[in-house]
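One letter stands for each residue in the lines below.
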There are 2 protein chains.
Amino acid sequence: MASAPKGNALVSQSGGPTGVINASLVGIIEQACRSAYIDSLYGAIHAVSGIVKNQFIDLKKLSMQTIGDLEVSPSAALGSSRDKPDEEYCQRILKVFKERQIRYFFYIGGNDSANTCHIINTMATDTGYDLAAFHIPKTIDNDLLVTDHCPGYGTAALFVASAIMGDDMDNRALPGIKIDVIMGRHAGFLAASAALARKRDDDAPHLIYLPERPVTIDKMMADIEAVYKRLGRCVVAASEGICDTDHVTWTEKILQHDEKDCHNNIQLSGTGALADFLAAQVKAKLGVKRVRADTFGYLQRSFAGLQSPIDAVEARRCGQTAVTLAAEHQNGSVALKRVGNGDKYSCDYFRTDLKNVAEKTKCMCDTFISSDGNDVTKAFIEYAAPLAGPLPRTCWLGSEPRV
Amino acid sequence: MASAPKGNALVSQSGGPTGVINASLVGIIEQACRSAYIDSLYGAIHAVSGIVKNQFIDLKKLSMQTIGDLEVSPSAALGSSRDKPDEEYCQRILKVFKERQIRYFFYIGGNDSANTCHIINTMATDTGYDLAAFHIPKTIDNDLLVTDHCPGYGTAALFVASAIMGDDMDNRALPGIKIDVIMGRHAGFLAASAALARKRDDDAPHLIYLPERPVTIDKMMADIEAVYKRLGRCVVAASEGICDTDHVTWTEKILQHDEKDCHNNIQLSGTGALADFLAAQVKAKLGVKRVRADTFGYLQRSFAGLQSPIDAVEARRCGQTAVTLAAEHQNGSVALKRVGNGDKYSCDYFRTDLKNVAEKTKCMCDTFISSDGNDVTKAFIEYAAPLAGPLPRTCWLGSEPRV
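Residues numbered from 1 in each chain as written. Chains lettered and ligands numbered in written order. Predicted model: local features only at pLDDT ≥ 70, side-chain atom pairs only at ≥ 80, totals over all residues. Heavy atoms only, no water.

### Things to note about the overall build of chain A
Reasoning step 1: A tally of regular secondary structure across chain A gives 14 helices and 11 strands.
Reasoning step 2: For 403 residues, the compact-globule formula gives about 22 Å, and the C-alpha radius of gyration of chain A, at 22 Å, lands near that figure.
Reasoning step 3: Projected onto the principal axes, the alpha-carbon positions of chain A cover approximately 75 × 45 × 35 Å.
Reasoning step 4: Buried positions account for 65% of the 403 residues belonging to chain A.
Reasoning step 5: For chain A, the accessible surface area stands at approximately 13,900 Å², while carbon and sulfur atoms represent 49% of it.
Reasoning step 6: Charged side chains of chain A number 44 positive and 48 negative; the gap between the two group centres comes to 3 Å. (Helix = DSSP H or I, 4+ residues; strand = E, 2+ residues; numbered from the N terminus. Rg over C-alpha atoms; globule rule 2.2 N^0.38 Å. Buried < 20%, exposed > 50% of the residue type's maximum accessible area, 1.4 Å probe, protein only. Areas by Shrake-Rupley, 256 points an atom, 1.4 Å probe, with all protein chains shown as cover. Lys, Arg positive; Asp, Glu negative; His and termini not counted. Charge placed at Lys NZ, Arg CZ, Asp CG, Glu CD.)

Listed below in C-alpha cells is the structure:
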C-alpha cells in the first residue's frame, strides 16, 4: 500500500441529528490535530450542499470553549442536509476536493452517507485522485449493518427509557391507559429500548410494538385490555413504524398521504396522528375513560443536556479511529465490535468496506423479540442496557405495606 | 394560641404530578421525624380517595434507600387523584382523621387541593376537632396565587428550555418550521419558559404564543412567515391553551369535543391535535415543505432524571416549612417570597391563609408579555431563569467565519 498523502481534510455531518454526532466531530478534530498527514481541517456547512457551495470553516481554529460546548451539544453543529447526491452531484464534490487539495473526507452519517462516501471514493480512484473517504456511523435508529450498534442510539435509548420511567410513575399516580409513540421507521431498536425502563415486575412498558412484527388494531386492543384488566392501567410503547399485516404502516393508513423525502422515505415523525388514532381506538373499543397519548418526537434525537456517557465516548472514538485509519491510507466505515458485556462491557473499533454499510439497513433480529411479538427478550435487554448506561432512579410507594 | 396537640400526621399528594412533588414529601417526612408533636406519619395512597378507603402506609418506616430514590423521582409516589371532594366526601375524610387521631394534614397539590384543605380545616374547627391542615403548593403551570412561584415549575421549565435548545440546534441543522406545543391550560408560564433557551440573537424560540394573548391563525401565520423570510427557519413555542379572539381555545375549536375532568377542565393535553393543526396550516398557507410539530406532552411533568436543583431544594423546604408551621398550631398554605434575584436569588418561606390560594389561579402579568403578544419580556426572563437553574450547553458552527 502506498503511503498516505499529505493534504487537507474535510468533515461533514449528514442525515437526522443525534445526541452524540458532535462528539464524533470532536474525535475527528482532536485526532486530525495530532496527524502529520493533515494540514487544514475543513468543516462543510450543511453537508454535501455546503461542499458544492464552498461553505467551509476552519475546524482547527475553534476555541477550547467551543470544543467544550460541541462535545455535549445535541444535533449536528455543522448543519445537515437531506440531499442525496447522484453521479453528477458527486462529480461536483470531487471537483471541490481537487481544488482544495482535500485528501481526507470524513462523513458522519447513516447508510445514505456511507453510500455517498462510496461513490466519491470510487470516482476518485477511477480518476487517479488520491483520497481516503471514511464514513463514521450515527443514527438513533441503530439500523446500520456490520457494526454492533450505532453511536447515537445509546443516547436516544436513554431518553426513551427515562421518558417511560417517568411515564410509568405518572401512570401509577393517575391510572389509565397511556400510549407512547417512539421513533424508528423500520427498525424497532429505539421503541424496544423502552424496556430498559423496567425495574419492578409491573413496571412500564407493558406492551411494546415494533415495525418488525405486523399487528392488527384488534390484536393491540386485546393486548391492552388484558393488561388493563390485570393491572388497572397500561403503558404502551409503539414504534412509529408499526404496520398492519399487509405491511403498510399504520401512519400511512391513518394519514393516507405520501409526503416522501428525497430518499423516498415516508414522513412518519413530526406528527401526533398515530398516537391520537391509537388513543381514540382504545377509548372507542375498550371504553376506558382516562386514555392519553404522547409522541416523543424530535426530543428523542435532540434533547439538550442528555447523553449516555458510553455513547458519547464511543462516538468520539469512532471519529478518532476514522482519522487514524485514513492516515494509514485506508477508506471505509468505522464499526464497533462488542468484546465484553454486562459489567465488563467494552467494544473494539474496526473498519469495514463502505459497500457493506452503504444503502443497507438492519432490523431487530428474531432473538430480540418475544414470541408474542409484543415485547422484547432478555437477550435484547442485555444487548441494549450497556449502551444507554445508568438510568435515573424512581420511587413508587403504593406497594408499601398498609397500616 | 393554644399549644399544638400531639397526634398522628397524614400526607397525601394530589393533582397532576411534577418533577419535585416527591421532594416536598421528603421534606415533610424528615421534619415530621424531628417533631415532638407527631407520632405516626401516614401516607395516603391516591390522595383523598385513599383516605376514605383507609389506604395508609407508614412513612416513618421507609428505608434510607427508598427516601433516596423518592427525593429524585418524578410524579407522585403516593399516587394522586382527580376526585374533587364535596361536603359529604370531606365529612368522610374527617371521620377517618378522628378514628386515626390525625391532628396534622399535609396536602401537596394545586389550588383544588388548597380548597380541600380549607374545607376540611373549617369542618374540623366547626366540630371542635383540633386539626392543623397545611397545603404545600405544586404545579408545573405556576398558576397559584400569593406565592412568587410554585415548586414544580422550575423543573418543568428546565425540561422545556432544554427541549427548545435541542430543537433549535435540530432546526439549524435541517432548517424549516417547527412548532412545539407546551403545557399550560390558562397560564402561559411554562410556554414562556421556552425563552430561557435563548443565548444567541437568532436562537429559538422565535415566537411564543400564550393563553393570555388571544391570537388568530392569520396573525400566527403572518408572524411565522416574517421570521421564516428573515432567518430561513422558525421555531414556535405555543401554549396548549392558546385561544382565538373569542377566547375559545384553539384545541376546542379543532377537536370540537368536550372531554372534561371533574374539575370542569377541558382536556388539552395528551393529544397532538393542536400541533398537527398548526403544522397543516403552515404547510397550506405558507407553502413551506419542511414543517414539523411536536407536543411535549406528559414528559414535561414526568421525565425521569431531570430536576432543577433549586426547584428540588425549594420543594423540600416547602414540605419542611409546612411541618414547622403546623407544629406551631397553624394552618394555611406555604408560599415563597423572593428576597434576592439573579446571582443573589433566594426565597423566604411564609404561610398564607388557605382561602387565599383555594380555587384561584393566576396568569402571566402584562409586564411579562411583549407588546406584540408573541414573546416575553426581559422581566420574565429575570423572573424565570433562577427557577430553571443552569441550562445545558449547545454549539452551532454554521456562523463561524468561512475559509
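### Some points on the side chain of Gln13(B)
Residue and element names in this part refer to chain B.
Reasoning step 1: Position of Gln13 relative to the elements: it lies in strand β1 (residues 7–13).
Reasoning step 2: Gln13 gets classed as buried once you look at its relative accessible area, which sits at 0%.
Reasoning step 3: There is a polar contact of 3.1 Å between the side chain of Gln13 and the backbone nitrogen of Ala77.
Reasoning step 4: Within the structure, Gln13 has its side chain in polar contact with the backbone nitrogen of Leu78 (distance 2.9 Å).
Reasoning step 5: When near neighbours in sequence (up to four residues on either side) are disregarded, Gln13 contacts Ile21, Asn22, Leu25, Ala47, Ala76, Ala77, Leu78, Gly79, Ser80, Tyr107 and Ile108. (Polar contact = N/O pair within 3.5 Å; in protein donor to acceptor, adjacent residues only side chain to side chain. Contact = heavy atoms within 4.5 Å.)

### Some thoughts on the pattern of salt bridges
Reasoning step 1: Enumeration over the complete set of coordinates arrives at 55 salt bridges over all chains.
Reasoning step 2: The salt bridge partner of Arg213(B) is Asp366(B), with a shortest N-O separation of 3.1 Å. With Arg213(B) in the loop between β7 (207–209) and α8 (217–231) and Asp366(B) in the loop between α13 (354–357) and α14 (378–388), this pair connects stretches of sequence that are 153 residues apart.
Reasoning step 3: On the basis of relative accessible area, Asp366(B) is assigned to the exposed category, the value being 56%.
Reasoning step 4: Within this structure, Asp168(A), Arg172(A), Arg200(A), Asp202(A), Asp203(A) and Arg233(A) form a network of salt bridges that share partners. (Salt bridge = Lys/Arg side-chain N within 4 Å of Asp/Glu carboxyl O.)

### Concerning the confidence of the model for chain A
Reasoning step 1: Of the residues in chain A, 96% reach a pLDDT of 70 or more, and the chain-wide mean stands at 95.
Reasoning step 2: Predicted complex metrics record ipTM = 0.96 and pTM = 0.96. (pLDDT = per-residue confidence, 0-100.)

### A short note on the sheet that holds strand β6 (residues 177–182) of chain A
Residues and elements named next belong to chain A.
Reasoning step 1: Strand order in the open sheet formed by 4 strands is β7-β8-β6-β9, with parallel pairing between adjacent strands. The open sheet has two edge strands, β7 (207–209) and β9 (291–295), and neither has a second partner. Averaged over neighbouring strand pairs, the angle between their axes works out to 15 degrees when direction is ignored.
Reasoning step 2: Here 6 bridges tie β6 to strand β8 (residues 234–239), and the two strands are oriented parallel to one another. Looking at the pairing, Ile177 lines up with Cys234 of β8.
Reasoning step 3: Contacting β6 and β8, helix α6 (residues 153–173) runs over the sheet at an angle of about 170 degrees to β6. (Pairing = 2+ DSSP bridges. Axes fitted to C-alpha atoms, helices over the stretch in contact; angles between N-to-C directions.)

### With respect to the interface of chain A and chain B
Reasoning step 1: Taken together, the contacts link 79 residues of chain A with 79 residues of chain B.
Reasoning step 2: Contact with chain B buries area across many residues of chain A, yet Arg393(A), Leu397(A) and Val403(A) alone supply 12% of it, more than any other trio.
Reasoning step 3: Inspection of the chain A/chain B interface yields 4 salt bridges.
Reasoning step 4: A salt bridge links Arg393(B) to Asp69(A); its shortest N-O distance comes to 3.4 Å. (Buried area = accessible area lost by both parts, 1.4 Å probe.)

### Quick notes on the relation of the copies chain A and chain B
Reasoning step 1: Expressed as a screw transformation, the operator carrying chain A onto chain B has a rotation angle of 180 degrees and an axial translation of 0.0 Å, and the superposed copies differ by an RMSD of 0.0 Å. Each copy turns onto its partner about a two-fold axis. Across chain A, the smallest distance between a C-alpha and the rotation axis is recorded for Gly272(A), namely 2.2 Å.
Reasoning step 2: A share of 100% of the interface residues of chain A reappears at the interface of chain B, consistent with the copies meeting face to face through the same patch. (Least-squares fit on C-alpha atoms with pLDDT ≥ 70 in both.)

### Considering the packing of aromatic side chains
Reasoning step 1: Counting across every chain of the model gives 24 aromatic pairs over all chains.
Reasoning step 2: Both rings, one in Phe303(A) and one in Phe159(B), keep their centres 4.8 Å apart while their planes meet at 35 degrees; by these two values the pair is tilted. One end of the pair, Phe303(A), is in the loop between α11 (299–302) and α12 (309–326); the other, Phe159(B), is in helix α6 (residues 153–173), on a second chain.
Reasoning step 3: Classification of Phe303(A) as buried rests on a relative accessible area of 4%.
Reasoning step 4: Assessed through its relative accessible area of 1%, Phe159(B) is described here as buried. (Phe/Tyr/Trp six-rings, centres within 6.5 Å; stacked < 30°, edge-to-face > 60°.)

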